[in-house]
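As a plain string of letters, each chain reads:
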Amino acid sequence: MIGYLLRWIITLVIAFAAGKLMAKIKMPAILGWLIVGMLLGPHALGLMPQAVLDTGWYKTIIMWMQCAFGVMLGTELIWKKLKSYGKALVVTTLTQSLGTFAVVSLAFGLIFAFLDVPVYLAFVFGGIALATAPAPALSIVNEFHAKGPVTDTLLPMTVLDDVVGIAVFFTVNSLVARKVSGGAVPLYMIPVMIFLPIIIGAVVGFPTGLLLKKCEKKAPTLAVLLSGITVTMLIGWSINTFLLSGITLNYMLMGVSFAAVFSNIITTERLGEVSGYFSPILGICLLAAIVDLGAPLDYHLILGAGLYTFVYILARAFGKYFGAMTGAKIMHMPDTVQKYLGLTLLPHSGVSLVFTGIICATLSSAPQLVQIVQGTIAAAAVINEFIAVIAAKKGFELAGEIQRPQKSQA
């Protein structure tokens, strides 16, 4: 265990240095983190082999970190602030999420009908495509201190997008299971998977908020906050392990709910202090999350990418960009949101790989279909993530929301 832990720490240090090098050439640090994760992961140099990724302690730390970067999103969910967005946020989330599902499903439906592949597989690609991975965009917001309408829309939208993504994907997964002999999550479990993490986070977030109102100094504030994250994660892990085995709860959603509750209990000034104290820890969590995202990516797949991969990347990008633009226009959101929000929604690979693993288990009795899904999504995950990170940073840049000068990167 000590050897594996040391390998992981060395990988994170190298990734941190690579991020600094990227910053020198005015690129997001996350690109350096992703590249190091992929190069030092099990498919390349193997400093962080699959054995590390599969260990219990590593998975537990990543679960805790998922809760922790959920806190960044949760602190944006201030009720007074959300009321100003209201219907506009919900409508834009639905147009970009369901729009992506529709565009990708239609594109693959036409191709599969022509190639005599079961058309229901098109909905599998649509279900995988609609979700957005929050960590890349969050790391860019954190690194460049992005502020403005696009950032303010993106952060709460990421939470709603996650909920829509879970609901649509697991509905598709359950319906596809009726076509094949694999197992599936029962339809009645889908609301449980959405609302249980929210309840867990809220239950811990309420007493945490009361304690944070009383704490004033940095050390006790951090102790309360970190204890709250840990308790939230442990409750989620216990329920996941002993009551809902075979189903993975969303730990980021737990962190979001936990932070949203305490953020609405304490004052705005106090929340600023808490966020400031937590910022260095959040930076480490995002670094580890992105390295974890990059490690399973196999760079060899870029060479083997075929028609399906490029159709998937292009159709998903079209759905996200124009879906977000349509919703923002309908709701008369600011011009920068209409034009550039879609670019910040392109990161995807972490969610896509998780969903792919689940759907492939469902399709296990049809290995030829598993091969189509695995090959397409795995190659798309590698190619899309690098394009998406650059596009997301460009989106914030064009919207004028990246704070300059970045002296620390000079």
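Residues numbered from 1 in each chain as written. Predicted model: local features only at pLDDT ≥ 70, side-chain atom pairs only at ≥ 80, totals over all residues. Heavy atoms only, no water.

(A) View of the overall build of the protein. Helix and strand counts for the protein come out as 18 helices and zero strands. Relative to the globule expectation of 22 Å for 410 residues, the C-alpha radius of gyration of the protein, 20 Å, shows essentially globular dimensions. Taking the principal axes of the C-alpha coordinates as reference, the protein spans close to 65 × 55 × 50 Å. Across the 410 residues that make up the protein, the buried fraction comes to 57%. In the protein, of all internal contacts separated by at least 6 residues, the share reaching a separation of at least 24 is 82%. For the protein, the accessible area works out to roughly 17200 Å², and carbon and sulfur atoms hold 71% of it. (Helix = DSSP H or I, 4+ residues; strand = E, 2+ residues; numbered from the N terminus. Rg over C-alpha atoms; globule rule 2.2 N^0.38 Å. Buried < 20%, exposed > 50% of the residue type's maximum accessible area, 1.4 Å probe, protein only. Contact = heavy atoms within 4.5 Å. Areas by Shrake-Rupley, 256 points an atom, 1.4 Å probe, with all protein chains shown as cover.)

(B) Region of interest: the packing of aromatic side chains. Inspection of the entire model under this criterion finds 15 aromatic pairs. Here the aromatic rings of Phe108 and Phe112 are separated by 5.5 Å at their centres, their planes lie at 40°, and the arrangement is tilted. Here Phe108 and its partner Phe112 are both found in helix 6 (residues 87-115), four residues apart, which amounts to about one turn of the helix. The buried category is assigned to Phe108, whose relative accessible area is 0%. Of the residues examined, Phe112 reaches a relative accessible area of 0% and is grouped as buried. Ring centres of Phe112 and Phe125 lie 6.0 Å apart, and the angle between their planes is 45°; on these two criteria the pair is classed as tilted. Highlighted residues: Phe112 in helix 6 and Phe125 in helix 7 (residues 120-129), separated in sequence by 13 residues. For the residue pair Phe112 and Phe125, the accessibility class agrees, reading buried in each case. An aromatic cluster is defined as three or more aromatic residues linked by ring pairs; in this entry it consists of Phe108, Phe112, Phe125, Tyr308 and Tyr312. (Phe/Tyr/Trp six-rings, centres within 6.5 Å; stacked < 30°, edge-to-face > 60°.)

(C) Seen up close, unusual backbone geometry. Its identity as a non-glycine residue notwithstanding, His145 has a phi of 50°, on the positive side. Assignment of secondary structure puts His145 in the loop between helix 8 (134-144) and helix 9 (149-177). Here His332, not a glycine, exhibits a phi torsion of approximately 55°, which is positive. Structurally, His332 can be placed in the loop between helix 15 (307-330) and helix 16 (335-344). Assessed through its relative accessible area of 71%, His332 is described here as exposed.

(D) Main features of the side chain of Arg316. Position of Arg316 relative to the elements: it lies in helix 15. Of the side chains with opposite charge, Asp161 lies nearest to the buried Arg316, which makes no salt bridge, at 6.5 Å. Setting aside its immediate chain neighbours within four residues, Arg316 contacts Thr100, Val104, Ala129, Ala131, Thr132, Leu345, Leu346, Pro347, His348 and Asn384. (Lys, Arg positive; Asp, Glu negative; His and termini not counted. Salt bridge = Lys/Arg side-chain N within 4 Å of Asp/Glu carboxyl O.)

(E) Main features of the pattern of salt bridges. All told, the structure shown has four salt bridges when counted by the stated rule. With a shortest N-O distance of 3.5 Å, Lys320 and Asp161 are connected by a salt bridge. Here Lys320, found in helix 15, pairs with Asp161, found in helix 9; they are 159 residues apart in sequence, far enough to count as distant. The pair formed by Lys320 and Asp161 is uniform in burial state, with each residue classed as buried. Here Lys394 ties to Glu397 by a salt bridge, and the two come within 3.4 Å at their closest N and O atoms. In this pair, Lys394 and Glu397 are both assigned in helix 18 (residues 367-398), three residues apart and thus about one turn of the helix distant. Residues participating in the shared-partner salt-bridge network are Lys393, Lys394 and Glu397.

(F) Structural context of the layout of surface pockets. Each pocket or cavity is described by its volume, and for the second largest pocket that value is around 780 Å³. Around the second largest pocket sit 29 residues that line it, and Met72, Thr75, Glu76, Leu155 and Ser275 are the ones nearest its centre. Where the lining of the second largest pocket is concerned, the elements lending two or more residues are helix 4 (56-74), helix 5 (79-85), helix 8, helix 9, helix 12 (251-263) and helix 13 (268-294). Examining the composition of the lining of the second largest pocket, we find that eight residues originate from one element, helix 13, more than from any other. Of the residues in the lining of the second largest pocket, the class split is 13 nonpolar, 11 polar and five charged. (1 Å grid on protein atoms, 1.4 Å probe; cavity = no way out; pocket = protein on both sides within 12 Å on 5 of 7 lines; lining within 4 Å. Points joined across faces, edges and corners; volume = space filled by probe spheres on them. Nonpolar A, V, L, I, M, F, W, Y, C, P; charged D, E, K, R; others polar.)

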